[in-house]
Amino acid sequence: MPLVSRQPPSDAVVTVLGPIAPEQLGVTDAHDHLFLRTPALPGQEFDDPDRAIEEVDTAKRGGLQAIVEVTPIGCGRRPAGMRAVAESTGVHVVAATGYHRDAHYPQGHWVREASVELLAKRIVTDLKEGMHPDDWLTEAPLDSARAGVIKAGASYQRISALEERRLVATAIGHRETGAAILVHTEIGTCADAIIDLLTREGVVPERIILAHLDRNPDLDLHVEVAARGVSLEYDTPGRIKYRPDSQLLDLIAGMVDAGHGDRLLLGLDLGQRDYFRAYGGGPGLTYLMGTFVPRLRRRIGDQTVHAILVANAARAFALSRP
Ligand SMILES: [Zn+2]
């Protein structure tokens, strides 16, 4: 496979339909899923392209222009399905490579057994050449779509030895490609340890995005984490089982007041079948622009909301010079 000819220019955003200029990305859901299958969430699989198209099309009518689809390797990622969604709806889809936390890989899964070198090789191939069409180590041809962001994950209150290995592989993938790293935190824990590990491996904080920090809506802590230079990605609007949206609005307003509005990203993280309208559940992909963002605009103003959804996302997901 040729490595050089398909390399996008630096600071492009790589979507499943090809690289675009960062300013073309538009209003972005910075963390979501269109296809997912994991032993950690039995019975909550979703993998129907038609329902994904239906869901995204409805969200587009509410103003959504781009989705960062962060389903990683081994969790039911579907490159062809993502291309179908992007082609059919016109919404930009940025796909992920990389790996999740331990809970998503059963004993004996190749992701647990693989060396750092192999883990990194898969990441680099996904970013430079095209995504592997299935989750396994096969010689099947690569999909035409390339990944645009690297996912990683840590456990609750700890980074396991295997997660550390995958984070090191993530850093290698970043150094070779300039792709941003988005790290799943379990209930918002381990932020400092993740930043310490990745910066030790040569990643600058500005290329690190920490997901789910709003599961622990501790403003003082978030101000300290943001001061280290990373992006904080909040993705629980509408997840009323965790807490009311008013608390998330307070948290965002507090971060903006503290001068860290430029560090924030927003998504919905619909990681279960039951969260989608197209599968008979909720809140659905329309919730961000249809319900949460109007409330957020009233709290922090149109301009700041626009900056979070558009400018912050464009900056966070554009490739940096490797
Ligand atoms: Zn997620």
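Here the residue numbers are simple positions, counted from 1 along each chain's written sequence. Side-chain atom pairs in this predicted model are given and counted only at pLDDT of 80 or more, local residue features only at pLDDT of at least 70, and totals for whole chains, interfaces and linings cover all residues. By convention in this description, side-chain values take in all heavy atoms of the structure and omit both hydrogens and water.

**Side note on the pairing of strand β7 (residues 181-184)**
Burial here depends on accessible area, computed with a 1.4 Å probe over protein chains only, as a share of the maximum for the residue type. Under 20% is buried, over 50% is exposed, and the range in between is partly exposed. By the criteria applied, helices consist of DSSP H or I runs no shorter than four residues and strands consist of E runs no shorter than two, each listed in order from the N terminus. Burial along β7 is two-sided: the residues I181 and V183 and L182 and H184 are all buried. One bridge is not enough; two strands pair if DSSP finds at least two bridges between them. With four bridges joining them, strand β6 (residues 149-153) and β7 adopt parallel strand pairing. Residue pairing for β7: G153 is matched across the bridge by H184. Note on handedness: a clockwise path from strand one over the helix to strand two, with the strands aimed away from the viewer, defines a right-handed crossover. Handedness of the β-α-β unit built from β6, helix α5 (residues 161-177) and β7 comes out right-handed. Here β7 runs beside strand β8 (residues 208-211); their pairing, made up of four bridges, is parallel. In the sheet register, I181 faces β8, and the bridge partner there is I208.

**Regarding the environment of T236**
Tracing the backbone through its elements, the reader meets T236 in the loop between β9 (231-234) and α8 (245-257). Expressed as a C-alpha distance, the spacing of T236 and L248, which sit twelve residues apart in the sequence, is 7.9 Å. Any two residues whose heavy atoms approach within 4.5 Å at even a single point are treated as in contact. When residues no more than four places from it in sequence are discounted, the contact partners of T236 are D214, R215, Y242, R243, D245, L248 and G267. Pairing of N or O atoms within 3.5 Å defines a polar contact, subject to two protein rules: one partner must be a possible hydrogen donor and the other a possible acceptor, and residues neighboring in sequence count only if both atoms are side-chain atoms. Of note is the side chain of T236, whose polar atom sits 2.5 Å from the side chain of D214. Of the polar contacts made by the side chain of T236, one reaches the side chain of R243; its length is 2.5 Å.

**Details of the confidence of the model for the protein**
Low-confidence regions, as indicated by low pLDDT, have predicted coordinates that should not be scrutinised in detail. As a per-residue measure, pLDDT reflects the predictor's confidence and takes values from 0 up to 100. In this model, the protein carries an average pLDDT of 95, and 95% of its residues clear a pLDDT of 70 or more. Throughout residues 1-7 the model reports pLDDT below 50, and contacts reaching past four residues in sequence, or to other chains, amount to eleven contacts.

**Description of the packing of helix α9 (residues 287-300) against helix α10 (residues 302-317)**
For helices, the fitted line uses only the C-alpha atoms of the stretch in contact; every axis is such a line through C-alpha atoms, and the angle between N-to-C directions lies from 0 to 180 degrees. Closest axis-to-axis distance for the α9/α10 pair is 7 Å, and the angle between their directions is 130 degrees. The pairing of α9 with α10 is recorded here as oblique in orientation. Taken together, the residues of α10 that come into contact with α9 (itself represented by L288, M289, V293, L296, R297 and I300) are D302, T304, V305, I308 and L309. The residue classification treats Ala, Val, Leu, Ile, Met, Phe, Trp, Tyr, Cys and Pro as nonpolar and Asp, Glu, Lys and Arg as charged. All others, Gly included, are polar. Residues of the contact of α9 with α10, tallied by class, amount to eight nonpolar, one polar and two charged. Just so you know how the angles are binned, under 35 degrees is roughly parallel, over 145 roughly antiparallel, 65 to 115 roughly perpendicular, and the rest oblique.

**Re helix α6 (residues 191-200)**
Taken together, the buried positions of α6 are occupied by A191, I194, I195, L197 and L198. Here the buried residues of α6 occupy an arc of 165 degrees about the axis, which is enough to place them on one side. Those residues of α6 that are buried lie in contact with α5, β7, β8 and α7 (219-227). Downstream of α6 by a residue or two, G202 has a phi angle that is positive, lying close to 90 degrees. When we speak of the arc, we mean the arc of directions from the helix axis to the C-beta atoms.

**Some thoughts on the nonpolar core**
The set of buried Ala, Val, Leu, Ile, Met, Phe, Trp, Tyr and Cys residues whose side-chain atoms join them within 4.5 Å is what this entry labels a nonpolar core. Among the nonpolar cores identified, the biggest contains 85 residues, and L210, Y234 and I252 are the most heavily contacted of them. Among the elements that take part in this core, α9 stands out by supplying seven residues, more than any other. The next biggest cluster of nonpolar side chains, apart from the first, holds 19 residues, and it includes V94, A180, A313 and A318.

**What about the pairing of β9?**
Burial along β9 is two-sided: the residues S231 and E233 and L232 and Y234 are all buried. In this structure, β8 lies alongside β9, joined through three bridges in parallel fashion. Bridge assignment links L210 to a residue of β9, and that residue is L232. What joins β8 to β9 is α7, and the crossover it makes is right-handed. Relative to strand β10 (residues 264-266), β9 runs parallel, the two sharing three bridges. By the bridge assignment, Y234 is partnered in β10 with L266.

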